Structure formats: C-alpha cells, structure tokens
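Summary of the model geometry
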Amino acid sequence: MANVVIETQNLVKNFGKICAVKDLNLKVFQGEIYGFLGPNGAGKTTTIRLLTGTLKPTSGTVRVLGMDMKQDEIKIKRSIGVVPDEPRMYSNLKGYEFLNFIIEIFGLDKRTMHDRIEELSTAFGVNYLDKYISDMSHGMKQKLLLMSVLMRKPKVIFLDEPTVGLDAKSAKILKLLLTKYASEGCTIFMTTHVLEIAEKMCSRIGIIDKGLLIAEGTMDELRKLVKDNVASLEDVFLRLTATEQDILQIVEEL
Ligand SMILES: Nc1ncnc2c1ncn2[C@@H]1O[C@H](COP(=O)(O)OP(=O)(O)OP(=O)(O)O)[C@@H](O)[C@H]1O
C-alpha cells in the first residue's frame, strides 16, 4: 500500500452558522492525482485552504506528509506547492523578481531553478517575465504562479481550478506535466469544475456537496455507486448531487 500523504480526520470548518466542511475524512496516497469536485459553494476551496494551512479548522486534524498541521505548519508549507484559484502576488514585482523571491525564500539552487524556469517558460509560452505583475492578465499571472510552484517540484501540489484562465495549449501542457509529476511520485490534489479533466487525469475522485463528502473512488467505483457501468463522470456527478432532475425542470420551465 502506498504512503498516505494527505489525511484529514473529522475536519470541520464553520463560518458563523454556515458549516462549509462537515466531518471530512480524507486519505490521499503518494503518486495520486486526486480530483475534488462539487457544485458551487460545496466547500472545495475551504478544504484546500484547510489542507494547506491558510485557514484554521473549527475542529479536526490535517496531516500532510506525516506531519500535523498544528505542530508543523512551517515544515509542511516548505514541502508543498499551492496554486489558489485567484493568483494573488506582489503586484509591484516583475515576473522574474517574483521567481527569484521564491528561489530565495525556499533556499533553492539558483542554477537548477533558472534551467527549470527556462524550460517552463518555453512550455507555457511565458515571454513576459520582465513585465510588472500588476500589468499581467489573469491568465499570465496564473502561469507565473504555476511556474513558481512547478519549478520547485514539491512533493505535494494543491491546485484550485488550475485550468481556469489558461489557453488550450497551456492547459494541455499543465495536464501532461501534472501526470508526469505524479508518475514520478508527486501527489496532486486538485479541484475542478471541468469533469472531463477529472475523468481523464484523476486516479480517484471525491465529490463534496454542502460540506459533506458524498462519494469517493475511482471512475469504476463511482459508476458502481450509481449502478451504471457506462456512466460518464458528468452522469455520476449530476445523479449524486441530485441536480439532473432540477436541470430538466429548469430547462422545461424556461
Ligand atoms: N471566508 C468566508 N466567510 C464566510 N463564509 C465563507 C467564507 N469562505 C467560504 N464561505 C462559505 O463556505 C461555503 C463553501 O465555500 P467554498 O468557497 O469552499 O466553496 P467551493 O466549493 O469552492 O465553491 P466554488 O465552486 O463556487 O468555488 C459557501 O457557503 C461559502 O459562502
């Protein structure tokens, strides 16, 4: 059995009266690409923020790479890479200054990183590292942030809606790169609304709805759950989140 890299026990996050994450028990193994799906407001971003230590849980525990988030937050943060849904970076830095800043704070080897930056710039068509971040488009910032994570080749990568804002070629390259990294032992946890991406890339998929993990498994296991061995992930998702009927009704009433 592969190593457990991400683990939560009875994880809960309340925002006032809203329970965004309810009693979540997750296990993600080394080398997996775990897809985390759910309707809008289901609790995906909150979960990623809990798993990466940017949000404190109301109760429950998070362990990453065998370390407890409460005790080893800094160590965990040094070993993981996070690509949030909104790329927030120091806007008064130029692209290359931002990458150099990451190299400095993580204490990375400059030569190796500069070689990786060159490879990744070519792969993602990044020819704007001398521009100020404030002058970059959303997609340009997203690619810069992706490069800053991928160049480090962290042991665990968390991505929240990674392909949003990326052009088709960059999205394809990102998918291939993540698959390659996973095959080399990196563990990937990502949220997406693009079910085709989850179906093609992810070894296992978790579906969260109103803060509850309502299903989890490989595509085959999810198909068994809905008793339809040819169901697509879209069929499975809509059946489990009970929106298929709503959709038909909504369209009929339009
Ligand atoms: N900082 C916050 N303060 C109050 N409520 C919050 C906060 N962050 C999230 N929520 C609430 O928690 C619930 C889950 O939100 P979350 O952003 O995790 O959903 P999501 O699954 O990522 O949604 P989407 O697919 O739309 O991005 C929602 O009801 C949201 O309004």
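Residues numbered from 1 in each chain as written. Predicted model: local features only at pLDDT ≥ 70, side-chain atom pairs only at ≥ 80, totals over all residues.

**As for the nonpolar core**
Within the largest apolar cluster, 59 residues are counted, with the highest numbers of intra-cluster contacts made by Ile-6, Leu-51, Val-64, Met-147, Phe-158, Ile-188 and Phe-189. Setting aside anything within four residues of it in sequence, one finds Met-147 in contact with Leu-99, Ile-117, Leu-120, Phe-124 and Val-126. (Core = buried A, V, L, I, M, F, W, Y, C linked by C-beta atoms within 7 Å. Buried ≥ 20, exposed ≤ 12 C-beta atoms within 10 Å, placed from the backbone. Contact = placed C-beta atoms within 7 Å.)

**Focus on the environment of Leu-150**
Assignment of secondary structure puts Leu-150 in helix α5 (residues 138-150). Sequence-wise, Leu-150 and Gln-30 are 120 residues apart; in three dimensions their C-alpha atoms are separated by 17 Å. With residues up to four places along the chain from it excluded, the contact list for Leu-150 reads Leu-120 and Leu-177. (Helix = DSSP H or I, 4+ residues; strand = E, 2+ residues; numbered from the N terminus.)

**Details of the UniProt feature "domain: ABC transporter" (unreviewed entry) in the protein**
Per the UniProt record, "domain: ABC transporter" (unreviewed entry) is annotated on residues 6-235. End C-alpha to end C-alpha, residues 6-235 measures 28 Å, and it is 38% helix and 27% strand. (UniProt positions renumbered as here; feature names shortened; annotations may be inferred.)

**What to know about helix α3 (residues 95-105)**
All of the buried residues in α3 are Gly-95, Phe-98 and Leu-99. In an axial view of α3, the angular spread of the buried residues amounts to 95°, which keeps them on one side of the axis. Once α3 finishes, Gly-107 follows within two positions and takes phi at roughly 60°, a positive value. (Arc of directions from axis to C-beta.)

**Some words on the sheet that holds strand β3 (residues 33-37)**
With mixed pairing, the six strands of this open sheet are ordered in space as β6-β7-β8-β3-β9-β10. At either end of the open sheet lies a strand with only one pairing partner, and these are β6 (80-83) and β10 (212-217). For this sheet, the mean angle separating the axes of adjacent strands, direction not counted, is 15°. Where β3 meets strand β9 (residues 204-209), four bridges bridge the pair, whose relative direction is parallel. The residue bridging Phe-36 from the neighbouring strand is Gly-206, located in β9. (Pairing = 2+ DSSP bridges. Axes fitted to C-alpha atoms, helices over the stretch in contact; angles between N-to-C directions.)

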